[in-house]
Amino acid sequence: MFEFLTTTSYTFEDKKSYENVLLFLYRHWFVLFLQLIAFALLGILPLVLAIVLNKFLPELEAWRPYLHFAYAIYYLFWWYGLFYRIAMYLLDYWIVTDHRIIDSEQHGFFNRTVAELNLAKIQDISVAIIGVIPTWLDYGNLEVQTAAASEKFFFKEIPHPEKTKDIIMDAHNTYIKEHPGDVETHV
Amino acid sequence: MLANLPLIVLAIALAIFWILAFILLYHLVRFGVGRGPKVAALVFFFGSLILMIVALFAWLNI
């Protein structure tokens, strides 16, 4: 029942036995942090309302149980909204293995795209770090151009994109060297 | 009818909440990779239980 506490981040569905995970990436924590600040503000809203009502409308004393009930319902949905944001953050991820890149993005409930790219198909990789905070915290977008002209892989707002680019390029070169003619030697 | 309004509101709110909560838990456990999403699901579930009990007590105090 509690296997999930012992499995690592480097295990995922459809992972080949011969495949090694080099990188497992979520968006940078600051992206989630900004959204959590908004939820923190929404969280203190009923407290502010309660203080204001107590101070300026003391005649509402008889309605206090109803207000407490309304606050309780509000916090129930606030809790849900908070974890909806956290879930969307946790369900967007990018995996780089020594054989392929997997891009998994959740665009809302029951709306999910998963794409994968063989390392041999990589043509070039570019990095974009735009803005003061992304530059300071070192996060940004990474774009992988594939052999097909229109196909691109985007790593969005990932931490240390330059380092990630180097790791992918190294993996690409190693893969090409170990798989001449792009033939998989493992069974 | 008016006296039962808080009960109706509570029933509708809890029904909607637990349907949404189930969908959220399903996504976290089914599609999450690693322990992070599973731990988040566990925290969400226990927090939801506590908040539901708080809402029930708030209703009982009306």
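Quick caveat, the model's predicted, so the values are computed rather than measured.

Draft legend 1. Representation of the overall build of chain B within the structure. Within chain B, the regular secondary structure consists of two helices and zero strands. In terms of overall size, chain B is more extended than a compact globule, its C-alpha atoms giving a radius of gyration of 15 Å where 62 residues would be expected to give roughly 11 Å. With the C-alpha coordinates aligned to their principal axes, the bounding extent of chain B is approximately 50 × 15 × 5 Å. Buried positions account for 40% of the 62 residues belonging to chain B. Of the roughly 3,500 Å² of accessible surface on chain B, a fraction of 83% belongs to carbon and sulfur atoms.

Draft legend 2. Representation of the sheet that holds strand β2 (residues 93-97) of chain A in the model. Residue and element names in this part refer to chain A. The sheet built from four strands is open, its strands ordered β1-β2-β3-β4 with antiparallel pairing. Each having just a single partner strand, β1 (21-25) and β4 (112-118) make up the two edges of the open sheet. Taking each pair of neighbouring strands and ignoring which way they run, the sheet shows an average axis angle of 10°. Note: strand β3 (residues 100-106) against β4, seven bridges, orientation antiparallel.

Draft legend 3. Quick look at the interface of chain B and chain A. Contact with chain B, which involves 37 residues of that partner, is made by 33 residues of chain A. For the pair chain B and chain A, the summed buried surface comes to about 3,000 Å²; carbon and sulfur atoms form 82% of the total. Three residues, His27(B), Val33(B) and Arg35(B), lead the burial of chain B against chain A; their summed loss comes to 21% of the area buried on that side. Here chain B is connected to chain A by zero salt bridges. Here chain B and chain A share four residue pairs in polar contact (both at pLDDT 80 or more) between them. If you list the elements that add at least two residues to the side of chain B that touches chain A, you get α1 (5-31) and α2 (35-60) of chain B. Tallying contributions element by element places α2(B) first for the side of chain B that touches chain A, with 17 residues. Residues belonging to the side of chain B that touches chain A are distributed by class as follows: 27 nonpolar, seven polar and three charged.

Draft legend 4. The arrangement of the packing of aromatic side chains in detail. Inspection of the entire model under this criterion finds 23 aromatic pairs over all chains. Relative to Tyr93(A), the ring of Phe24(A) lies with its centre 5.4 Å away and its plane at 25°, an arrangement referred to as stacked. Of the two residues, Phe24(A) is situated in strand β1 and Tyr93(A) in strand β2; the sequence distance between them amounts to 69 residues. Here the two residues Phe24(A) and Tyr93(A) agree in accessibility, since each one is buried. Their ring planes at 85° and their centres at 5.9 Å tell us that Phe77(A) and Phe17(B) sit as a pair that is edge-to-face. Linking Phe77(A) in helix α2 (residues 64-90) with Phe17(B) in helix α1, this pair reaches from one chain into another.

Draft legend 5. Just the sheet that holds strand β7 (residues 152-159) of chain A, in detail. Residues and elements named next belong to chain A. Strand order in this open sheet of three strands is β5-β6-β7, and the pairing throughout is antiparallel. Only two strands of the sheet have a single partner each, and these edge strands are β5 (122-128) and β7. Each adjacent strand pair in this sheet contributes to an overall mean axis angle of 20°, direction not counted. Relative to strand β6 (residues 139-146), β5 runs antiparallel, the two sharing six bridges. By the bridge assignment, Ile-125 is partnered in β6 with Val-144.

Calculation criteria
Residues numbered from 1 in each chain as written. Chains lettered and ligands numbered in written order. Predicted model: local features only at pLDDT ≥ 70, side-chain atom pairs only at ≥ 80, totals over all residues. Heavy atoms only, no water. Helix = DSSP H or I, 4+ residues; strand = E, 2+ residues; numbered from the N terminus. Rg over C-alpha atoms; globule rule 2.2 N^0.38 Å. Buried < 20%, exposed > 50% of the residue type's maximum accessible area, 1.4 Å probe, protein only. Areas by Shrake-Rupley, 256 points an atom, 1.4 Å probe, with all protein chains shown as cover. Pairing = 2+ DSSP bridges. Axes fitted to C-alpha atoms, helices over the stretch in contact; angles between N-to-C directions. Contact = heavy atoms within 4.5 Å. Buried area = accessible area lost by both parts, 1.4 Å probe. Salt bridge = Lys/Arg side-chain N within 4 Å of Asp/Glu carboxyl O. Polar contact = N/O pair within 3.5 Å; in protein donor to acceptor, adjacent residues only side chain to side chain. Nonpolar A, V, L, I, M, F, W, Y, C, P; charged D, E, K, R; others polar. Phe/Tyr/Trp six-rings, centres within 6.5 Å; stacked < 30°, edge-to-face > 60°.

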